[in-house]
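Notes for the structure review
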Amino acid sequence: MEDLNKVYAQRIAEEYAPKKETKVVQLKKLDEKVKRPAEITGLVLGIIGALILGAGMSCVLTDFGPSGQAGLIAGIIVGVVGLIIAGVAYPIYNKILVTRKQKYAYEITELAKEITEENN
């Protein structure tokens, strides 16, 4: 019974003890730090563009919004705006990613060299 208590106490102590961050974990965090803002921006722009495009399609295909010819024209305009926003999402994603890769390239390559030199 005492052994079980010791194991239980050690497990809880390990849970609260500060964890040492390895260089591989640091490298993964840096990689995520580079890619995450670009991914979030690209996804948000793509989703917003798709929603605006859907609203435009809804104006064209249903009685939502102005009726008749005005609804058709408004729906086409709103849809084109949505297409443009969704269309620029990927180039903006790429631009942000390239910029952040350039910013963190030195730090990541140095850390990767340290890791590979330790393993050899």
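Report on the accompanying structure. (Residues numbered from 1 in each chain as written. Predicted model: local features only at pLDDT ≥ 70, side-chain atom pairs only at ≥ 80, totals over all residues. Heavy atoms only, no water.)

1. Regarding the overall build of the protein
A count of helices and strands for the protein gives three helices and zero strands. Mapped from its N terminus to its C terminus, the protein presents α and β elements in the order α-α-α. The C-alpha atoms of the protein give 26 Å as radius of gyration, which overshoots the globular expectation for 120 residues (14 Å, by more than 25%). Overall, the C-alpha framework of the protein stretches about 80 × 45 × 20 Å when taken along its three principal axes. For the protein, the proportion of its 120 residues judged to be buried stands at 14%. Considering only residue pairs separated by 6 or more positions, the protein has 81% of its internal contacts joining residues 24 or more positions apart. Split by element, the accessible area of the protein, about 9300 Å² in all, is 65% carbon and sulfur. Within the protein, the 14 negative side-chain charges are centred at a point lying 5 Å from the centre of the 15 positive side-chain charges. (Helix = DSSP H or I, 4+ residues; strand = E, 2+ residues; numbered from the N terminus. Rg over C-alpha atoms; globule rule 2.2 N^0.38 Å. Buried < 20%, exposed > 50% of the residue type's maximum accessible area, 1.4 Å probe, protein only. Contact = heavy atoms within 4.5 Å. Areas by Shrake-Rupley, 256 points an atom, 1.4 Å probe, with all protein chains shown as cover. Lys, Arg positive; Asp, Glu negative; His and termini not counted. Charge placed at Lys NZ, Arg CZ, Asp CG, Glu CD.)

2. Section: the pattern of salt bridges
Applying the stated criterion across every chain, the model contains five salt bridges. Lysine 23 serves as the salt-bridge partner of glutamate 118, at 3.0 Å between the closest nitrogen and oxygen. Of the two residues, glutamate 118 is situated in helix H3 (residues 69-119) and lysine 23 in helix H2 (residues 23-61); the sequence distance between them amounts to 95 residues. Under the relative-accessibility criterion, glutamate 118 is labelled exposed at 52%. Taking the shortest distance from any N to any O, the salt bridge between glutamate 32 and arginine 36 comes out at 3.3 Å. Note that glutamate 32 and arginine 36 are positioned in helix H2 at a spacing of four residues, about one turn of the helix. (Salt bridge = Lys/Arg side-chain N within 4 Å of Asp/Glu carboxyl O.)

3. Concerning helix H1 (residues 2-16)
The periodicity of an α-helix, 3.6 residues per turn, causes residues three or four positions apart to be oriented the same way. Between the first and last C-alpha of H1 there are 21 Å, a value that for 15 residues agrees with the 21 Å anticipated at 1.5 Å per step. Buried residues are scarce in H1, accounting for zero of its 15 residues. (Expected span 1.5 Å × (residues − 1).)

4. Here we look at the packing of aromatic side chains
The relative placement of two aromatic rings is captured by the distance of their centres and the angle of their planes. For the structure on display, the rule yields one aromatic pair. Between tyrosine 90 and tyrosine 93, the ring centres sit 5.9 Å apart and the planes meet at 25°, which makes this aromatic pair stacked. Of this pair, tyrosine 90 and tyrosine 93 both sit in helix H3, three residues apart, roughly one helical turn. Taking the relative accessible area as the measure of exposure, tyrosine 90 reaches 56% and is therefore exposed. (Phe/Tyr/Trp six-rings, centres within 6.5 Å; stacked < 30°, edge-to-face > 60°.)

5. Here's the deal with a nonpolar patch on the surface
Judged by side-chain polarity, Met57, Val60, Leu61, Leu72, Ile73, Ile76, Ile77, Val80, Val81, Ile84, Val88 and Ile92 come together as a nonpolar surface patch covering roughly 1000 Å² of accessible area. Mapped by element, the contributors of at least two residues to the nonpolar patch are H2 and H3. Ranked by the residues each element gives to the nonpolar patch, the list is headed by H3, at nine residues. Along the chain, the position of valine 80 falls in helix H3. (Patch = residues over 30% accessible without salt bridge, like charges linked within 9 Å, V, L, I, M, F, W, Y side chains within 5 Å.)

6. Quick word on the side chain of arginine 100
Following the sequence through the fold, arginine 100 ends up in helix H3. The buried charged residue arginine 100 lacks any salt bridge, with glutamate 107 as its nearest oppositely charged partner at 9.5 Å. For arginine 100, the contacting residues outside a window of four places in its chain are Lys33, Val34 and Pro37.

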